[in-house]
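Okay, here's what each chain looks like letter by letter:
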Amino acid sequence: MSTKENARDGEKERTKIRCVKTMKDIMTTYYIDAKTAKENGKKVAWITSGGPVEPLIAMDVIPVYPENHGAMIGATKMGDDLCAKAEDMGYSRDLCSYARADIACATINGGPIGGLPRPDMLVCCNNICGTVLKWYEVQARYFNVPLFILDTPITHTDYSKAQHRYVADQFKNYLKFLEAHCGKPFDFDRMEEVGRLSLKGQKLWQAVLDTTMNSPAPMSAFDAFFHLALIVTLRGTQIAVDYYQALLDEMNERVSLSISAVPREEIRLMWDNLPVWYRTKWLSDTFAGHNACLVADTYTSAWCSSLRYLDENDFFNSMVEGYSRIYLNTGVDAMAEEVLTMVARYKADGLVMHSNRSCKPYSLGQYDIQRIVQERAGIPVLVMEADMCDSRNFSESQIQTRIEAFMELVRASL
Amino acid sequence: MEQFTRFHEVAADAAGYARQWKERTRGRVVATLCSYAPEEILLAANVLGFRILGTESPIILADAHLQSYSCTLVRGALEEALAGRLDYIDGVVFPHTCDSIQRLSDIWRMNVKTGFHMDLVLPADLTTQASLDYMTAIMETFAQDLGEKLGTGISREDLGAAVLTCNQIRSAVMRIHALRNKVPEAISGTDLHAMVRAGMVMDRNEFLSLVTPLADALEAEYPTSQFHGKRILVAGGLCNMPDLFDVIEQTGSRVVMDDLCTGSRFFQGLIEPDSDLFRAIAHRYQSRIVCPAKHSGIRARGEALVRMAKESRADGVMFFCLKFCDPFGFDYPYIKEMLDENQVPSMLYELEDSLAADGQFETRCQAFIEML
């Protein structure tokens, strides 16, 4: 091996995020636990990614996330086949690719981990979209298990007392549902402890994301897409808290050693919408090739987007507002304001918006956000059309050309 | 049919009707986007409730705000607004239904000047007591807010009278639907389509004055049926309301029933007398067959359609849906399966907007009906 190659390998080793291995181990253990739940006398609930998981953890129910599974299916490039299988079952190709992949996967135990464990119950919170409601209806019919719906009306411009009461009533029903299906009374003391851990985890995750305010950024949005998994799946556990503390320490260490996600960071970009799971490496390399780092994104930060509404001393009741007022459950203008805040906070030179055919609540309105950001932040904005899990809706050459043109524009505007 | 002439006139130029109405009455027109906008409250506020559909013009301006993967109802409605063709509107009400309408409301509020803008943030789950309580509360708030915006206020008496009128309209329209089912040759699908369209935009008192005598006359004229053709049930989601009925009925078959938000569902279910009229309005929405974007149980829509197919003695079900309608897309496979289990043949036809002039739809229709 030449000295040059040795040096390159040494540099690669030095800049690698060490926590990646821990994360993989935790996720493996998590899925083994979930898949052996029945043998261990535990119940499994499938829950939407924006749903209140804390009461499940307090009741010792293992939460499983079809959306996280969808991301894994996308990242392992198994989305196309599973989506096509769903289309054979009669589902339109225009429907959400997570839902299509999951619906098909359930019938054949396919995908990267041989399918998710069979649910004992389903918990669907529609604060992220109306699609999950339909998707969970499909799975409730398929598995013939009880479905709990937490209906969180959108807060277009304001959050009304009536909707607060409505969601609060449903939280009470959620506890009754869990008590009925777990066969034991709800443990409020445990709930408060889980709530504290959830908040701690969310704050740590936000702190991790905030390390990218440093220039150069110690991690990129592509790293965040990976490290996000625990704040989604194990929110409310000590495991997530410990993990994000370790990740935060590592990021701070990288900052002090000037280790950056992109070797020669010259351009800082922000990402909007879900990742293009089957092309994250390609996209990461393409942007890095322009010495551009995606330093922040609206997606991974969504899991701490309602921190301001959560109360450590009254976690259960504060969940009502916290789960109602997440990023996606607000109006397009409120979303634009949030993007503008992030552009300023992370000093972004440009914004890349993934117009995601699978996600209408996230994508419709992007053109207006694009215009607002261009006008008010004065930075270039790229909208590229793709899909999060179905690569048949991804045109590499077209997107490459658009990224090239966009990068020229960003460079010219620096 | 002659009795339907007025409805055809209104349906052919709903905007022209609204403009004339406005000029004649000095009243105000409030646009709505779906059947979850409470007719009674609009009527009690003395405004013309006007359901807007898509556009018949090319979609150009809306493309700057909405991706091509949103349905033509949403894109078309925005196009009409941006092009200034809804200049007769004094306000718009967005009932919360699907994700696309939800985002259309935001985009509209941020870009369009069509008077006041109201979101009616309805529950999605229509099965619980909590949702009934919530819907009751927001109906009341909606009435108060609307009254304030109009500067008139809505009294209990106004609302009571409006409920009565709307119930009379619904009774008459459902009698006509029932007659169509009993004596399919009595009313053509196209006539019924025009009547339903007119019912969504006409002065409700004028509409009532036409529709009640029409029901009486048709019932008297057609006591029994000589029809021996194929009986078709039309279902799905045709929120932009194209008239497909002529093509279907040219095959010699008749549409005997429909489950469309732009069809019988708009008029389905009466408001039960209740001391709390807002609760009664909410209760109607919980009781009738729901839009696929709403939840009324995991098999409710399928069971309702099977029941409807049996009751209407349908030989087959024709599903129509707008491309990119996600709520319907998720329901279709299981509902089709339930129909299959009950030996009810069905077909699905997906539309971009109106019918393409390539004859494809005619061919599909003929093939399906021959197969029955």
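Residues numbered from 1 in each chain as written. Chains lettered and ligands numbered in written order. Predicted model: local features only at pLDDT ≥ 70, side-chain atom pairs only at ≥ 80, totals over all residues. Heavy atoms only, no water.

Things to note about the overall build of chain A
- When helices and strands are counted, chain A shows 18 helices and 8 strands.
- Taking 414 residues into account, the globule formula puts the C-alpha radius of gyration at 22 Å, and chain A, at 21 Å, falls close to it.
- Over its C-alpha atoms, taken along the principal directions, chain A stretches across nearly 60 × 50 × 50 Å.
- For chain A, the residues scored as buried account for 62% of the 414 residues in total. (Helix = DSSP H or I, 4+ residues; strand = E, 2+ residues; numbered from the N terminus. Rg over C-alpha atoms; globule rule 2.2 N^0.38 Å. Buried < 20%, exposed > 50% of the residue type's maximum accessible area, 1.4 Å probe, protein only.)

With respect to the packing of aromatic side chains
- Under the defined criterion, the tally for this structure stands at 36 aromatic pairs over all chains.
- Between A:Tyr166 and B:Tyr134, the ring centres sit 4.5 Å apart and the planes meet at 5 degrees, which makes this aromatic pair stacked. Pair noted here: A:Tyr166 is in helix H8 (residues 161-182) and B:Tyr134 is in helix H6 (residues 129-150), and the two residues belong to different chains.
- Judged by relative accessible area, which is 2%, A:Tyr166 ranks as buried.
- On the numbers, 5.9 Å between centres and 90 degrees between planes, the contact of A:Trp282 with A:Phe394 is edge-to-face. (Phe/Tyr/Trp six-rings, centres within 6.5 Å; stacked < 30°, edge-to-face > 60°.)

Description of the packing of H6(B) against helix H11 (residues 277-287) of chain B
Residues and elements named next belong to chain B.
- Remark: H6 packs on H11, axes separated minimally by 8 Å, with the N-to-C direction vectors making an angle of 125 degrees. Judged on the interaxial angle alone, H11 and H6 are oblique. Handedness of the H6/H11 crossing: right-handed. Contacts between H6 and H11 involve Gln129, Ser131, Leu132, Asp133, Met135, Thr136, Met139, Glu140 and Ala143 from the first element and Phe278, Arg279, Ile281, Ala282, His283, Tyr285 and Gln286 from the second.
- Residue composition of the contact of H6 with H11, grouped by class: 8 nonpolar, 5 polar and 3 charged. (Axes fitted to C-alpha atoms, helices over the stretch in contact; angles between N-to-C directions. Parallel < 35°, antiparallel > 145°, perpendicular 65-115°, else oblique. Left-handed = near helix turned anticlockwise from the far one by under 90°. Contact = heavy atoms within 4.5 Å. Nonpolar A, V, L, I, M, F, W, Y, C, P; charged D, E, K, R; others polar.)

A few points about the interface of chain B and chain A
- Counting from both sides, the interface comprises 47 residues of chain B and, opposite them, 51 residues of chain A.
- Taking both sides of the interface into account, the surface hidden between chain B and chain A amounts to around 4100 Å²; carbon and sulfur atoms contribute 59%.
- Together, B:Tyr69, B:Arg103 and B:Phe330 form the three largest contributors to the area buried by chain B at its contact with chain A, with a combined 21%.
- Among the salt bridges present, the one from B:Arg109 reaches A:Asp333, with a minimum N-O distance of 2.4 Å.
- Where the side of chain B that touches chain A is concerned, the elements lending two or more residues are helix H5 (99-111), H6 and helix H13 (326-341) of chain B.
- If you tally residues by element for the side of chain B that touches chain A, the top one is H5(B), at 10 residues.
- Among the residues forming the side of chain B that touches chain A, the class breakdown is 21 nonpolar, 13 polar and 13 charged. (Buried area = accessible area lost by both parts, 1.4 Å probe. Salt bridge = Lys/Arg side-chain N within 4 Å of Asp/Glu carboxyl O.)

Topic: unusual backbone geometry
- Here the amide bond leading from A:Ser215 into A:Pro216 is cis, since omega sits at 0 degrees, within 30 degrees of zero.
- Counting through the fold element by element, A:Pro216 comes out in the loop between helix H9 (188-210) and helix H10 (221-227).
- A positive phi is found at B:Phe324, a non-glycine position, where the angle reads about 75 degrees.
- With respect to the element layout, B:Phe324 can be found in the loop between strand E7 (316-322) and H13.
- On the basis of relative accessible area, B:Phe324 is assigned to the buried category, the value being 10%.

Structural notes on the nonpolar core
- Counting 157 residues, the largest nonpolar core has A:Tyr98, A:Trp205, A:Tyr244, A:Leu269 and A:Phe287 as its most contacted members.
- For this core, the leading source of residues is H9(A), giving 8 residues.
- When sequence neighbours within four positions are dropped, the list of residues in contact with A:Trp205 reads A:Ala224, A:His227, A:Leu228, A:Ile231, A:Tyr244, A:Leu247, A:Thr300 and A:Cys304.
- Counting 126 residues, the second-largest nonpolar core is a separate cluster that includes B:Val30, B:Ile169, B:Met195 and B:Leu277. (Core = buried A, V, L, I, M, F, W, Y, C linked by side-chain atoms within 4.5 Å.)

So, helix H5 (residues 79-88) of chain A
All names here are of chain A.
- Listed in full, the buried residues belonging to H5 are Gly79, Leu82, Cys83 and Ala86. Seen end-on, H5 carries its buried residues on one side only, within an arc spanning 100 degrees. Exposed and facing more than 90 degrees away from the buried side of H5 are Asp81 and Asp88.
- On its buried side, H5 packs onto helix H4 (66-75) and helix H6 (97-108).
- Where H5 ends, the next residue or the one after it, Gly90, has phi of about 110 degrees, a positive value. (Arc of directions from axis to C-beta.)

Observations regarding the domain arrangement of chain A
Residues and elements named next belong to chain A.
- Assigned domains of chain A: these are domain 1 (10-189) and domain 2 (194-413).
- Look at where the C-alpha atoms of domain 1 and domain 2 centre, and you get two points 21 Å apart.
- Tallying the contact residues gives 57 residues for domain 1 and 56 residues for domain 2.
- Where domain 1 abuts domain 2, roughly 4800 Å² becomes buried across the two surfaces, and 62% of that area is made up of carbon and sulfur atoms.
- Together, Ile17, Met23 and Glu54 form the three largest contributors to the area buried by domain 1 at its contact with domain 2, with a combined 14%.
- In this structure, the connection of domain 1 to domain 2 is made through 4 salt bridges.
- A salt bridge links Glu87 to Arg392, with the shortest nitrogen-to-oxygen separation between them at 2.7 Å.
- For the pair domain 1 and domain 2, the interface holds 24 residue pairs in polar contact (both at pLDDT 80 or more).
- Of all the elements, helix H2 (residues 19-35) adds the most residues to the side of domain 1 that touches domain 2, at 8 residues. (Domains from an automatic or database assignment. Polar contact = N/O pair within 3.5 Å; in protein donor to acceptor, adjacent residues only side chain to side chain.)

As for the sheet that holds strand E5 (residues 231-237) of chain B
Residue and element names in this part refer to chain B.
- The strand order across the open sheet formed by 4 strands is E6-E5-E7-E8, and the pairing between neighbours is parallel. A single partner strand is all that each edge strand has here, and the edge strands are strand E6 (254-259) and strand E8 (346-351). When strand polarity is set aside, the average angle formed by the axes of neighbouring strands in this sheet is 25 degrees.
- Across 5 bridges, E5 lies against E6 in parallel orientation. Note that in E6 the partner of Leu233 across the bridge is Met257.
- Docked against the sheet, helix H14 (residues 360-371) engages E5, E7 and E8, running at close to 170 degrees with respect to E8. (Pairing = 2+ DSSP bridges.)

With respect to the pairing of E5(B)
Residues and elements named next belong to chain B.
- Counted residue by residue, E5 has 7 buried out of 7 residues, so it is predominantly covered.
- The alternating pattern of E5 places Arg231, Leu233, Ala235 and Gly237 and Ile232, Val234 and Gly236 on opposite faces, both of which are buried.
- Examined bridge by bridge, E5 and E7 share 6 bridges and lie parallel to one another. Its bridge partner lying in E7, Ala235 is registered against Phe319.

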